[in-house]
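Now for the letters of each chain:
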Amino acid sequence: MITEDARALLATGGVCDSCLGRPFADRSFGLTNAERGRALRTTVALADDEDFDPTPPTDCWVCEGYCGTFDPIADAVVEALEGVDFATYQVGTQVPPLVEENDRLLREDAGLEPDVGESLKREVNREVGRRVGARTGAEVDFDRPDVLAVVDLEGFDPREALETGSVTGHAVDVQINPAFVYGRYRKLERDIPQTEWPCRECGGSGIQLGDDGEEPCDYCGGSGYMYDTSVEQTVRPHVVAAMDGDEGTFHGAGREDVDARMLEEGRPFVLEVKRPHERDPDPAELEAKINEAADGSVEVEGLRLATYEMVERVKEHDASKHYRADVEFSEPVDEKRFDEAIAELDGTTLAQETPQRVDHRRAALTRERTVYDLEGELRSSTEAEVRLHGEGGLYVKEFVSGDDGRTEPSLAGTLGVDAEVTALDVTGVEGEDEPFEREEYFLDEPRDGDDDSDDDGSDRN
Ligand SMILES: [Zn+2]
Ligand SMILES: [Zn+2]
């Protein structure tokens, strides 16, 4: 049967060993298609007592020579990956439509199913991939490789490649997937936004049009930004440089108000680096560099190399927040009344309408948010310090002020005096069900003294 099929395939014209073997690719695991083809050709020659006369790829009407070019393609891929740091890779191939058509016609002319065995595309991917792996020591990864080499067969002439032993460079396009660094940041000064914030007047150009033409924007002083710096601008350049990448994107686990500090254990973030040529920087060194340059306004801690899943983790993971707030009252409050109000509100569930200060275009929505824990202390008859642990999404400024009745209950409402947050610090961001930091999201080993963050997180839940 199989000999009959092989004979029919050979009758279509000059066919190379790979193209002859490819329709039988699902037989005898462990052979290459070329080995299958060679064996079938031998069998047919012996059975028919004919001279053994193999067809080299260059004379093959099906692949037009491509099946002889796996080595030069692999050379070109390895060359294109020169200077790129990667542990996993994948090879993808674009096959010219006419050659794909030949592969179908071969089977049809021989009376076989049009898609029996393996496609040329898969054969090139596998054969080139195997060679790239052997030469670089990297592992193949079909899911999320560090690098993807796309081979466009139309980008070179196979017969020329067979003669010269090399393919032209533009036949191979290398895509480098992003790399990720996780950490937690503290913001020790107020009026620093989390991400860079272009000037609302000039749109970030730093330029306005005056009577005499272009001049520096009055609003931002020509910097193009609303604030001098941001957490993102403090962290990003160092990570991008350490990974020798093109650009970076900052992903935070939520964000605090610009005028709030972020203290204590800090807030989880991931810095995503596009087109990194280095994937394995020393996180401790990187951390030291960022902190030294930030000079006390921002600090990062617990930096680790992370998987791409960590981005979704920091963005989607449900987290509760710890706050510390300075509160001012419009008239004196006595201690007993204050303590009673705190006790009454501890553990309560708030109904909060979207605050007035939040984007007016956002539809008003009433949400329920729980105050897990509340403590307070009067500093004077009109000032207090309040510490609150609340469900994610709770608006703490509005919990204190009542926001003209949009938050119920509130500290102001319970006390019967106007109350306002004059200074706010976020003192913790922690996962509701489990900590943000789980080993499966990291690519490196934990550093000494690094793993206590996991314990802290789970203890408090
Ligand atoms: Zn061929
Ligand atoms: Zn401006």
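Residues numbered from 1 in each chain as written. Chains lettered and ligands numbered in written order. Predicted model: local features only at pLDDT ≥ 70, side-chain atom pairs only at ≥ 80, totals over all residues.

What follows is about the UniProt feature "binding site: substrate" (unreviewed entry) in the protein. Under the local residue numbering, the UniProt record ascribes the feature "binding site: substrate" (unreviewed entry) to Tyr 323 and Tyr 395. On the basis of their most widely separated C-alpha atoms, the annotated residues across 73 residues gather in one place, lying no more than 10.6 Å apart. Topologically, Tyr 323 is positioned in strand β11 (residues 319-329). By the secondary structure assignment, Tyr 395 is in the loop between β14 (383-390) and α12 (396-401). You can call Tyr 395 buried: it has 22 C-beta atoms within 10 Å. Not counting residues up to four positions away in its chain, the partners in contact with Tyr 395 are Gln 352, Pro 355 and Thr 407. (UniProt positions renumbered as here; feature names shortened; annotations may be inferred. Helix = DSSP H or I, 4+ residues; strand = E, 2+ residues; numbered from the N terminus. Buried ≥ 20, exposed ≤ 12 C-beta atoms within 10 Å, placed from the backbone. Contact = placed C-beta atoms within 7 Å.)

In this section: the sheet that holds strand β4 (residues 172-176). The 4 strands are arranged β2-β1-β3-β4 in an open sheet whose pairing can be described as mixed. For this open sheet the edge positions go to β2 (139-140) and β4, each flanked by a neighbour on one side alone. In terms of strand pairing, strand β3 (residues 147-152) meets β4 through 5 bridges, oriented antiparallel. Note that in β4 the partner of Ala 149 across the bridge is Val 174. Each of β1 (88-94), β2 and β3 touches helix α6 (residues 120-136); the most contacted strand, β1, lies at about 145° to it. (Pairing = 2+ DSSP bridges. Axes fitted to C-alpha atoms, helices over the stretch in contact; angles between N-to-C directions.)

The next point concerns the nonpolar core. Formed by 61 residues in total, the largest nonpolar core has its most connected members in Val 181, Val 239, Val 270, Val 396 and Val 400. Of the domains in this structure, domain 2 (179-205 + 215-317) and domain 3 (319-431) are the two that each give at least three residues to this core. Look past the residues within four positions of Val 239 in its chain and what remains in contact with it is Val 181, Gly 248, Leu 271, Val 273 and Leu 286. Counting 38 residues, the second-largest nonpolar core is a separate cluster that includes Ala 6, Leu 106, Val 132 and Ala 149. (Core = buried A, V, L, I, M, F, W, Y, C linked by C-beta atoms within 7 Å. Domains from an automatic or database assignment.)

Under the domain assignment, the protein is made up of domain 1 (2-176), domain 2 (179-205 + 215-317) and domain 3 (319-431). Inter-centroid distance (C-alpha atoms) of domain 2 to domain 3 is 29 Å. With 13 residues of domain 2 in contact, the opposing surface of domain 3 contributes 8 residues. Along the lines of polarity and charge, the residues of the side of domain 2 that touches domain 3 split into 5 nonpolar, 2 polar and 6 charged. (Nonpolar A, V, L, I, M, F, W, Y, C, P; charged D, E, K, R; others polar.)

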